[in-house]
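Here are the chains, one letter per residue:
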Protein chains: 2
Amino acid sequence: MSILVVGSAALDSVETPAGRAEDALGGSAIYFSTAASFFAESIRMVAVVGDDFPREHVAFLESRNIDIEGLEQVTGGRTFRWGGRYTDDLNSASTLFTELNVYGDFQPRLPQSYRDTPYVFLANINPELQLNVLEQVNRPKLVVCDTMNLWINNSRTALMETLENVDILILNDTEAQLLTEESNLISAAKKILTYGPSRVIVKKGEHGAMSLTETTFFSAPAHPLESVCDPTGAGDSFAGGFLGYVASVGDSSEVTIRQAIMYGTVVASFNVEDFSLNRQRDLNRAEIDRRYQELRESTRY
Amino acid sequence: MSILVVGSAALDSVETPAGRAEDALGGSAIYFSTAASFFAESIRMVAVVGDDFPREHVAFLESRNIDIEGLEQVTGGRTFRWGGRYTDDLNSASTLFTELNVYGDFQPRLPQSYRDTPYVFLANINPELQLNVLEQVNRPKLVVCDTMNLWINNSRTALMETLENVDILILNDTEAQLLTEESNLISAAKKILTYGPSRVIVKKGEHGAMSLTETTFFSAPAHPLESVCDPTGAGDSFAGGFLGYVASVGDSSEVTIRQAIMYGTVVASFNVEDFSLNRQRDLNRAEIDRRYQELRESTRY
């Protein structure tokens, strides 16, 4: 079944201990869509770029069967650019520069053909825009949402309204703590369930992830990685693998969700092996399934 | 099959956000033995106390069928006392005082009846004493060892010699990083395998544990705890549950080891629910098995 994603398209300049990439393809909608394309047949993207956005990137998205009718190209505009540096702690980047450019005026407009999409991912954008997207879709089957410190700190009212209208919130451990003011992650996750989502998925980096509903708890292992080339896009690749798999199965049962979390984990673990989306470019489903099985084996007892 | 443990017996004074305990039963050998007693029939303890060690504590150990022939009682001596405070970060205590007393001159002497014990746990004592214990046992089946920052920093030569002679090292994440000077935990664990142990188990607190050999990797979830009363003894309770279960099965296959890690996790999770060994005093095997099943369920997909 189809997935709608609304997020950013960017050109990233990244420095890590492993090297650097300049003006490389990035952005939450791009990472998400590419990861989801390993599983789902139809992915509909809403994002905005300038007319400096390389044609090869558009061709790449098309080669993945990603519907870019909703990818707005602003004539005379410049694409969103982000520069960041990761030092030894690969969990957090220091931002070197942010050029919002056309992304600063982003007003997601859904093409008519997108409005009945059953699976919706609201990537990490201003919660007011997330709400705006929700007004444009017709009774989606499942709405999944991401957020970040910036919105938690500066747009809490709109964010809380978004949360009332989503089914699943995916966020990382420090974001969960900041959002709830609870240092214990289980307590934080339970509190988030009172905000609206019926499920929360907390990502813990090298420690894996956990998923909570009112009645279920799932502890997901991380793939044991000895080195990370570039963490950029790991979270969106996780979300893409996750929702791509859910949409491919077509239900949101606990077992599907758990398998989906592990597929998200696997795609994210591949993504960080190289800069930008380079690893995903030559990745195939057989490699994904092999790592999925290895990870499954590493938790069996 | 029988287990030998060599470690400390102590009277602990602990402050945590949940309250305080004064001169409460503690020490690595005590926590280990009590936890192991839920599984193994025969536990042989070597430790030292003064004649101030309350008779009720001796009676408690006997009630658990723990062999205390090796519990030396020094006439006119005073029992090891430790005082510590845990603040919001329940992962590390600040030591308020350490009175080594009779423990300062501890020279483990194994009763003749202990020398053929097949399963050996060298609790967190000076590695020179750990080596001394290994000289007193006859070809044990499995030797498991713990250590801490103090010995890694101050007694590295003896510690490395101990490691050459043990089968399994259990330690926590920061100790593994300190011992190997590797920040990545997978790399750290792999390096430890080159020091002698054929298996390393790295404890990660609320993030569970992992076990590595040259050919296997196991990712163990933590029990999802919302509050911790007193973390003291969690590590030794983990080791006790772990080795108690291994000894009860009588083999060290990968599947037994994985199940044992989960039993260790469960006993440790109960232990931190109250001060000292209070929770273990009224704990029963059915409760342990129930939580073991819950934890198993939380990783299935």
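Scroll up to find the structure.
Criteria and thresholds
- Residues numbered from 1 in each chain as written.
- Chains lettered and ligands numbered in written order.
- Predicted model: local features only at pLDDT ≥ 70, side-chain atom pairs only at ≥ 80, totals over all residues.
- Heavy atoms only, no water.
- Contact = heavy atoms within 4.5 Å.
- Buried area = accessible area lost by both parts, 1.4 Å probe.
- Salt bridge = Lys/Arg side-chain N within 4 Å of Asp/Glu carboxyl O.
- Polar contact = N/O pair within 3.5 Å; in protein donor to acceptor, adjacent residues only side chain to side chain.
- Helix = DSSP H or I, 4+ residues; strand = E, 2+ residues; numbered from the N terminus.
- Nonpolar A, V, L, I, M, F, W, Y, C, P; charged D, E, K, R; others polar.
- 1 Å grid on protein atoms, 1.4 Å probe; cavity = no way out; pocket = protein on both sides within 12 Å on 5 of 7 lines; lining within 4 Å.
- Points joined across faces, edges and corners; volume = space filled by probe spheres on them.
- Axes fitted to C-alpha atoms, helices over the stretch in contact; angles between N-to-C directions.
- Left-handed = near helix turned anticlockwise from the far one by under 90°.

Caption draft 1: Seen up close, the interface of chain B and chain A. Counting from both sides, the interface comprises 27 residues of chain B and, opposite them, 27 residues of chain A. Taking both sides of the interface into account, the surface hidden between chain B and chain A amounts to around 2500 Å²; carbon and sulfur atoms contribute 52%. Among the residues of chain B in contact with chain A, H207, E226 and Y301 of chain B are the three that bury the most area, contributing 33% of the side total. Linking chain B with chain A are four salt bridges, by the criterion used here. For the pair chain B and chain A, the number of links is 18 residue pairs in polar contact (both at pLDDT 80 or more). Elements supplying a minimum of two residues to the side of chain B that touches chain A: α7 (185–193), β13 (217–220), α9 (254–271) and α11 (285–297) of chain B. Looking at the side of chain B that touches chain A residue by residue, the classes come out as 11 nonpolar, eight polar and eight charged.

Caption draft 2: Looking closely at the layout of surface pockets. Within this model, the second largest pocket holds a volume of roughly 160 Å³. Ranked by the residues each element gives to the lining of the second largest pocket, the list is headed by helix α7 (residues 185–193) of chain A, at three residues.

Caption draft 3: Main features of the packing of helix α3 (residues 127–136) of chain B against helix α5 (residues 156–163) of chain B. Residue and element names in this part refer to chain B. At a minimum axis distance of 8 Å, the contact between α3 and α5 shows a crossing angle of 30°. As α3 packs across α5, the resulting crossing turns out to be left-handed. Each of P127, E128, Q130 and L131 in α3 lies in contact with α5, whose residues at this interface are A158, L159, E161 and T162. By residue class, the composition of the contact of α3 with α5 is four nonpolar, two polar and two charged.

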